[in-house]
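# Coordinate inspection notes
Residue strings, one per chain:
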Amino acid sequence: MYLCDLGTEGTAIVDTGVRVSSELTVEIDQILKLNRLGPITYILLTHRHRDHSGGLKRMKQIYPDASVVAGEADCKINDGGQLVINEILIDIPVSSISGTVSRPVSGIRAVALPGHTRGSMIYISEKSDVTFVGDLVIGHKKYLARPLRRANEDDALYLTSLRLLSNLTSDIGAPGHGYVVSTDFRARVAELAALPRRAFNLVRLIRGLFAFARLRFNR
Ligand SMILES: [Zn+2]
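Notes on the structure follow. Note that this is a predicted model, so its numbers are computed, not measured.

What follows covers the overall build of the protein. Counting secondary structure elements, the protein contains six helices and 15 strands. Against the compact-globule benchmark of 17 Å for 219 residues, the protein has a radius of gyration of 17 Å, which places it among compact chains. The principal-axis extents of the C-alpha atoms in the protein amount to approximately 45 × 40 × 30 Å. Relative to all contacts within the protein whose residues are 6 or more apart in sequence, the contacts with residues 24 or more apart total 62%.

Written out as structure tokens, the structure is:
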């Protein structure tokens, strides 16, 4: 999860984690105060997976005035014909057609980069020049990695999106898991995107899973 300063428009929360604890909301309040940020006005979801949207319901109870932004292909349609994720109304659904750029919030460029899920989005902050990439890349301490092929809903589409990301991203990348990359993010994504998917290898799979699990302890 990240907080993103939107200046006079307030503050956005990027993704809501698996769940929202009271410690977390205390921490959000502290960060807002310490950095003199405006109130939470938007919740930007990179994609619908539970570890990114599980806390949405609770977050919406805490910040009822925050508008929720998400890719429309990740939404379900409820009985009332509205777009929802985890039963929560998506106030600003954005196009999920690959490469579509929109401006759902002043100061935020959203780009549809489907494949990991059908509605995966990245959000680029014009103020801080940070790109929030969700699970398009995973930020290990010394390298970037792709999600497992099986973790992607459409791996071929995902690989196309990763190549697009290297052209569209700013040079600071904030992955949904792991470390923020504060230099050369664009070049590093291009390098990653050029690597072919290799044949299945159990040892590499287990190593990858352990490396991913370790990122849980990185704040
Ligand atoms: Zn995911």
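On we go from here.
The next subject is the sheet that holds strand E9 (residues 101–105). Strand pairing in a sheet relies on backbone hydrogen bonds. The paired strands run either parallel or antiparallel. Taken in spatial order, the five strands make up an open sheet running E9-E10-E11-E12-E15, and their pairing is mixed. The sheet terminates laterally at E9 and strand E15 (172–175), the two strands that pair on one side only. Across the sheet, the mean angle separating the axes of adjacent strands is 30 degrees when strand polarity is ignored.

What follows concerns helix H4 (residues 155–168). Taking 1.5 Å per residue, 14 residues should reach 20 Å; H4 reaches 19 Å between its end C-alpha atoms and fits that length. Buried within H4 we find Tyr158, Ser161, Leu162, Leu164 and Leu165. Among the structural elements, strand E11 (121–125), strand E12 (130–134) and helix H5 (185–194) are those in contact with the buried residues of H4.

Here we take up the pairing of strand E2 (residues 11–14). Side chains of E2 alternate between two faces, with Thr11 and Ile13 and Ala12 and Val14 buried alike. Pairing between strand E1 (residues 2–5) and E2: four bridges, direction antiparallel. If you follow Asp5 over to E2, its bridge partner there is Thr11. Between E1 and E2, which pair antiparallel one after the other, the connecting turn spans five residues, and Gly7 there sits at a positive phi close to 65 degrees. Here four bridges tie E2 to strand E3 (residues 40–44), and the two strands are oriented parallel to one another. The residue bridging Ile13 from the neighbouring strand is Ile43, located in E3.

Glancing now at the sheet that holds strand E7 (residues 88–89). Taken together, the three strands give an open sheet; going across it, the order is E5-E6-E7, and neighbouring strands pair in antiparallel fashion. Whereas interior strands pair on both sides, the edge strands pair on one side only; in this sheet they are strand E5 (76–77) and E7. Pairing of strand E6 (residues 83–85) with E7, which is carried by two bridges, proceeds in the antiparallel orientation. By the bridge assignment for E7, Ile85 is matched with Ile88.

The rules behind each value
Residues numbered from 1 in each chain as written. Predicted model: local features only at pLDDT ≥ 70, side-chain atom pairs only at ≥ 80, totals over all residues. Helix = DSSP H or I, 4+ residues; strand = E, 2+ residues; numbered from the N terminus. Rg over C-alpha atoms; globule rule 2.2 N^0.38 Å. Contact = placed C-beta atoms within 7 Å. Pairing = 2+ DSSP bridges. Axes fitted to C-alpha atoms, helices over the stretch in contact; angles between N-to-C directions. Expected span 1.5 Å × (residues − 1). Buried ≥ 20, exposed ≤ 12 C-beta atoms within 10 Å, placed from the backbone.

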